[in-house]
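Notes for the structure review
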Amino acid sequence: MGTYVGAAAQDSERLAAGRAWVRWGTAAAVTGMLAWVIAVALIPLDAKLDKGDQHLAQVLRAHTGQGYAALLLAVLGAVLLAAFFAVLTRLVPEGHPGWGLLRVSLAGCVITQTMVATGASSGLAGLHAAAGNAGAGLVALGWRALWLTFLASAVPTILFTVTAVLGLRQAGLSPPWVSALGWLSAAAHVLVLFTLAQRGPFAADGIIAGLVPLTTVLWILALAATLPRSQRAAAPVASGTGG
């Protein structure tokens, strides 16, 4: 009897901890994705590499504060998304279905968000150069590094998205329609690998590179919205198998 009561108490504590992690994770995901959307909206539409270094420097000089806000919000979004994936790994006990895949996904997410933060730092350097009336070539160098880093981050993004979709499905934490959004996001990021043109929609700073991350935003928001219910449904199974 004592053993049963002790096990029940442990299960109750585990469920309470899981609900707390879900609340924190959901808050991080929603805040991070909103920060990312605002960041994209704040990037000046005329800040394009294909219009020439001089034009780019003039645009960034005229929108320095706006650019700083955009890039700092992008970094905030990156940090909070990594925190959300850390929460997802906490919801699946070691050895349970999806545990290994979610940890691979977390590693891929951390790599991706580190690259995002690095790219944003390059963009901030370009903005600082523009504000200080530095040469247009130096300004363009920082801005180009920003977009090329984002382009390179598509590879680990595909990795963490695919492994997260598979791991969450195995753990029972993702409804089929949410998983479908994850697959859509992974497929969309394959397009980013081809944004190597000098100008047009397939340029590094073209419309494709700008809109594709929004597929991740939709997936993460859908996952965050459904996570509390999915966690409640999956918790009794995890509790029973963890006995």
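Residues numbered from 1 in each chain as written. Predicted model: local features only at pLDDT ≥ 70, side-chain atom pairs only at ≥ 80, totals over all residues. Heavy atoms only, no water.

Let us now look at the packing of helix 4 (residues 99–131) against helix 6 (residues 154–171). It is the contact of helix 4 with helix 6, at a shortest axis distance of 8 Å, that shows an interaxial angle of 150°. Relative to helix 6, the element helix 4 lies roughly antiparallel. Crossing angle aside, the handedness with which helix 4 passes helix 6 is left-handed. Note on element contacts: helix 6 touches helix 4 through P156, T157, L159, F160, T163, A164, L166, G167, L168 and Q170, opposite L101, L102, V104, S105, G108, C109, I111, T112, Q113 and M115. For the contact of helix 4 with helix 6, the per-class residue count stands at twelve nonpolar, eight polar and no charged. (Axes fitted to C-alpha atoms, helices over the stretch in contact; angles between N-to-C directions. Helix = DSSP H or I, 4+ residues; strand = E, 2+ residues; numbered from the N terminus. Parallel < 35°, antiparallel > 145°, perpendicular 65-115°, else oblique. Left-handed = near helix turned anticlockwise from the far one by under 90°. Contact = heavy atoms within 4.5 Å. Nonpolar A, V, L, I, M, F, W, Y, C, P; charged D, E, K, R; others polar.)

Okay, the packing of aromatic side chains next. Evaluation of the coordinates by the stated rule reveals five aromatic pairs. A ring pair is formed by F84 and F85, whose centres lie 6.0 Å apart and whose planes are at 90°; its orientation type is edge-to-face. Pair check on accessibility: F84 and F85 agree, each one buried. The interplanar angle of 80° and the centroid separation of 5.1 Å between the aromatic rings of F85 and F160 together place this pair among those described as edge-to-face. Taken together, the residues span a long stretch of sequence, with F85 in helix 3 (residues 64–90) and F160 in helix 6 at a distance of 75 residues. Comparing F85 with F160 shows no difference in burial state: the two are buried. Among the aromatic side chains, those forming a connected cluster through ring pairs are F84, F85, F160 and W219. (Phe/Tyr/Trp six-rings, centres within 6.5 Å; stacked < 30°, edge-to-face > 60°. Buried < 20%, exposed > 50% of the residue type's maximum accessible area, 1.4 Å probe, protein only.)

Although it is not a glycine, N133 sits at a positive phi angle of roughly 60°. With respect to the helices, strands and loops of the structure, N133 is situated in the loop between helix 4 and helix 5 (136–152). We classify N133 as exposed; its relative accessible area is 57%.

Take a positive patch on the surface next. On the surface, R19, R23, R229 and R232 cluster together to form a positively charged patch. Elements represented by at least two residues in the positive patch include exactly helix 1 (2–42) and helix 9 (213–242). Take R229: it is sitting in helix 9. Accessibility expressed as a relative area gives 66% for R229, which makes it exposed. (Patch = residues over 30% accessible without salt bridge, like charges linked within 9 Å, V, L, I, M, F, W, Y side chains within 5 Å. Areas by Shrake-Rupley, 256 points an atom, 1.4 Å probe, with all protein chains shown as cover. Salt bridge = Lys/Arg side-chain N within 4 Å of Asp/Glu carboxyl O. Lys, Arg positive; Asp, Glu negative; His and termini not counted. Charge placed at Lys NZ, Arg CZ, Asp CG, Glu CD.)

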